[in-house]
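Commentary on secondary and tertiary structure
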Amino acid sequence: MPYDPASSEPLWRKAWEDAGTFLAVRDERPKYYVLEMFPYPSGRIHMGHVRNYTMGDVVARFKRAQGFSVLHPMGWDAFGMPAENAAMEQGGHPRDWTYANIATMKDQLKPLGLSIDWTREFATCDDDYVAQQQALFLDFLEAGLITRKSAQVNWDPVDMTVLANEQVIDGKGWRSGAAVERKELTQWFFRISDYSEELLEALDNLNGWPDKVRLMQANWIGKSRGLQFRFETVDAPEGFDRIEVYTTRPDTLLGASFVALSPDHPLVKHLAASDPKVEAFTEECRRIGTTEEAIETAPKMGYDTGLTVRHPLDPDWHLPIWIANFVLMDYGTGAIFGSPGHDERDHEFATKYGLAIPATFGERGMSLDQADALVAKAAYTPLKSDTVTYVRGFAGEADQTGDAAVTAAIAVAEAQGWGEGVTKFRLRDWGISRQRYWGCPIPVVHCEKCGTVPEAKANLPVLLPLDVSFDVPGNPLDRHPTWRQATCPVCGGPATRETDTMDTFVDSSWYYARFTAPHAATPTVRADADYWMNVDQYIGGIEHAILHLLYSRFFARAMVKTGHLPEAAKEPFDALFTQGMVTHEIYMTRDDKGRPVYHLPEDVTDGKLADGTPVEIIPSAKMSKSKKNVVDPVNIVANFGADTARWFMLSDSPPERDVEWTAAGAEAANKFLARVWRLADEAPADGIDDPDLTRAAHRAIADVTKAIEGFAFNKAVAKLYELANATAKSSAGGESRRAVLRIMAQLLAPMVPHLAEDVWAMAGGKGMVVDAPWPKADPAMLEDDSVTLPIQINGKRRAEITVPKDMPKDQIEAMVMADEIVQRFLEGATPKKLIVVPGRIVNVVA
Ligand code: ANZ
Ligand code: ZN
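Another point: the layout of surface pockets. Space inside the second largest pocket adds up to approximately 290 Å³. Around the second largest pocket, the lining comprises 15 residues; the ones closest to its centre are Glu17, Phe22, Lys110, Ile116 and Trp118. The biggest single contributor to the lining of the second largest pocket is helix H1 (residues 5-19), with 3 residues. Among the residues making up the lining of the second largest pocket, the classes are represented as 7 nonpolar, 4 polar and 4 charged.

Taken together, 17 residues lie near ligand 1, and Thr247, Thr248, Leu328, Tyr331 and Arg426 sit nearest. The side chain of serine 224 places a nitrogen or oxygen atom 3.3 Å from an oxygen atom of ligand 1. Only strand S9 (242-247) and strand S13 (335-338) provide two or more residues apiece to the shell around ligand 1. A breakdown of the residues in the shell around ligand 1 according to their chemical character gives 7 nonpolar, 6 polar and 4 charged.

Among the nonpolar cores identified, the biggest contains 161 residues, and Phe137, Tyr512 and Phe555 are the most heavily contacted of them. Excluding anything up to four places from it in sequence, phenylalanine 137 contacts Ile146, Trp188, Phe190, Ile432, Ile442, Pro443, Val444 and Met502.

A separate point is the coordination of the zinc ion (ligand 2). Those donors, Cys447 (SG), Cys450 (SG), Cys488 (SG) and Cys491 (SG), are the protein atoms that reach the zinc ion (ligand 2), and they lie 2.2 to 2.4 Å from it. Around the zinc ion (ligand 2), the 4 donor atoms sit at angles spanning 104 to 115 degrees, and that spread fits a shape best called tetrahedral. Spacing between the donor residues of the zinc ion (ligand 2) along their common chain follows C-x2-C-x37-C-x2-C. By relative accessible area, cysteine 447 is classed as buried at 8%.

Among the residues of helix H7 (residues 211-221), those classed as buried are Val213, Arg214, Gln217 and Ile221. Down the axis of H7, the sector holding all buried residues measures 100 degrees, keeping them to one side. Facing away from the buried surface of H7 by more than 90 degrees, the exposed residues are Asp211, Leu215 and Asn219. Packed against the buried residues of H7 are helix H6 (196-201), strand S8 (223-233), strand S17 (419-425), helix H17 (547-561) and strand S26 (576-578).

In total, this model carries 46 aromatic pairs according to the counting rule given. Ring centres of phenylalanine 137 and phenylalanine 190 lie 6.3 Å apart, and the angle between their planes is 50 degrees; on these two criteria the pair is classed as tilted. Here the residue phenylalanine 137 occupies a position in helix H5 (residues 127-142), and phenylalanine 190 occupies one in strand S7 (residues 181-190), the gap between them amounting to 53 residues. Judged by relative accessible area, which is 1%, phenylalanine 190 ranks as buried. Ring centres 5.4 Å apart and planes at 10 degrees place the aromatic pair tryptophan 647 and phenylalanine 672 in the stacked group. Residue tryptophan 647 is found in helix H19 (residues 642-651), and its partner phenylalanine 672 is found in helix H20 (residues 663-681); the two are separated by 25 residues along the sequence. Like tryptophan 647, the residue phenylalanine 672 is buried in the burial classification. These aromatic residues form a ring-pair network of at least three members: Phe137, Phe140, Trp188, Phe190, Tyr195, Trp430, Phe505, Tyr551, Phe554 and Phe555. One cation-aromatic arrangement involves arginine 61 over tryptophan 16; the distance from NZ or CZ to the ring centre is 4.5 Å. In this arrangement the basic side chain of lysine 424 is found over the ring face of tyrosine 246, its NZ or CZ atom lying 5.1 Å from the centre.

Conventions and cut-offs
- Residues numbered from 1 in each chain as written.
- Chains lettered and ligands numbered in written order.
- Predicted model: local features only at pLDDT ≥ 70, side-chain atom pairs only at ≥ 80, totals over all residues.
- Heavy atoms only, no water.
- 1 Å grid on protein atoms, 1.4 Å probe; cavity = no way out; pocket = protein on both sides within 12 Å on 5 of 7 lines; lining within 4 Å.
- Points joined across faces, edges and corners; volume = space filled by probe spheres on them.
- Helix = DSSP H or I, 4+ residues; strand = E, 2+ residues; numbered from the N terminus.
- Nonpolar A, V, L, I, M, F, W, Y, C, P; charged D, E, K, R; others polar.
- Near = heavy atom within 4 Å.
- Polar contact = N/O pair within 3.5 Å; in protein donor to acceptor, adjacent residues only side chain to side chain.
- Core = buried A, V, L, I, M, F, W, Y, C linked by side-chain atoms within 4.5 Å.
- Buried < 20%, exposed > 50% of the residue type's maximum accessible area, 1.4 Å probe, protein only.
- Contact = heavy atoms within 4.5 Å.
- Donors = N, O, S within 2.8 Å, 3.2 Å for Na, K, Ca; no water.
- Tetrahedral: all angles 85-135°; square planar, octahedral: opposite > 155°, others 65-115°.
- Arc of directions from axis to C-beta.
- Phe/Tyr/Trp six-rings, centres within 6.5 Å; stacked < 30°, edge-to-face > 60°.
- Lys NZ or Arg CZ within 6 Å of the ring centre and 35° of its normal.

Okay, here's the thing in structure tokens:
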């Protein structure tokens, strides 16, 4: 009987399903919650999914075998733009597209044999999930966690829609290609910035998270300490006697050469009202969109207002007030002073507009002239911890670090009463309004009498209307004939519905909590949440290291505050693992114009196309449809079985690194599994006991356990190769061999669960291996019965040998004499002395 996963794998899946093996139940066992980031229903699963979910499955099955009550759920992050785009491009409804994709992908996922409790499955576009998310919104609103304010958005004038920053590419709308404009709209915001300090500080305790992710979050939150102070204006219009600025480098104040205002600064707005040139300039600035990156990289543009301010350290020193496109209104105070000697942006700006570039400090020991010469060409921006020489310092020593100088400058300003040290965060409130159809409706209405009013909980869910069309640009909710008509829950009068929907990041900010009670009539059920939370192990891509995780951390806090989660769930993910990508070679030829033409892996053999044309090979590239370097998991599973796909995904590199999929690797994985299968199938009914093999099996238990616990699945795989080799070589038969095979089945089970069941059954295991408790290594078997002896030659340690502990002296002597290094030293001569101290050392005197 050959290894035939095509027929055996489905049988085991059915057996698990019939037995309800993976249903998560609250009971007296300790619980373990393992979660992989849920997929977007794009239409097909890809190899990245296979890798991610296999890793989670190894953990889930391993913990289950170890006696935990495991929660391992799956759902769908189902709202979002692609569904609307599909409707626009192919007709049809986003809802149908989404649910059809979910059905397809579920059919593709199921054959992988993941130990998922499918009864907990949901999609974020399900009416039920929408209802509970809206209930949360209302609770958050009542708890003061949500606010409505005006904000700058990227506006696509052709598609008539707001664009997310990621949808603005080179200043143009990603679909329409139209130049994006900045526009002010009233939007809903989650008040995440109230939690800046807490979200930052709590990172220190997330010991189960990768340092790099914690660092990325810390940078995103962006805490800085600086000085806030005001410049007195000289001749500005009434009401603008002062301009407030924020700086992290007050030590460079004597190197200031201008003040710059954001195009959205109140003074600029005032000036624009009566000066068409100012108005035109700010219009131009607005064309860059709102992304920080776009603003950073856009060429610096400025407009000289002709107004001036007094320098706080010298009232007779006047600095010009400019308007500059790189100053953001929503950071600091929306106004800065420019110190071109020590800031690259300011330098570019000053150079462009012929403004002065004085140095505040130079390299250590530099004179004022030397420092001025240094900064003339380029801004001098050493780290704040570097010691430099201040040539235009006003606070303390000439030679000091930037940090010390900043602290001293703040102290001077505070002592003299013209400024205050302040702490600022880069983190902004989270704007969640999207002018989109395919999202969770924001449950509020606008009443002429009462203003903006939350919908009554009894009226939830506010569901999307299904009779919409996507043939014209804009939000179909805005033009729906009746959907907007509502009744004000306060006065009972007529009202209009909010037509904005929520950012899809909202949906993914609490799904992990919903899995604990996925069908409840409230967002969570406390008994369930208290039992299952936190997620013990979260697994996903590094691309979500910032926004998704930060929003989830905020959301969990908001759910704690509103009573939906226990206090301990403030940080919802105890441990986080970010896995590497699946890569594949790219096969490329060029057409007659030299343009690249890509080829599918299945069309290339030994570096050639079917007609013999050689292809250029680009190694280890992220799988991407446009480069055709993709393999479809469905084909792999059809050809080799799920276990081969799983085994290969785990075997070739550490989980945190990229893994390159190769056809040869897949075949090798399949061959190995077939060999394991044969080992069990052909196990001799009788034969001798082989204590060495039994010992090897127990060592494998210890090693595989440790490897899985340490997320080193590739090492676990390697250990199982070793055990299989040892088994193949051993002459053990009968129960002695079957016992080893059963251990092998148990150790294989988290990784290749179907094959493990086959091996378990063939080796006489009782019931299914999935229900067998994780094997325990017998400590006696682990004891090392060999010893490593250092070999000293003429008093210096030169080599070592490993021998059985009980090896007689004369045999050790013979081994020492046969040792290559010893022979080299002796050069054929007999040693003067050869002393073996058993268990300790060997001394050779040449
Ligand atoms: C003078 C100065 C001199 C600055 C120098 C930097 C270097 P971080 O560290 O990221 O918090 N800034 C302040 N508000 C701004 C705004 N709304 N738009 C654009 N830039 C703004 O950045 C703080 C620094 O960024 C501040 O310190 C300010 O420029 C600028 F050699 O002030 B600095
Ligand atoms: Zn009303």
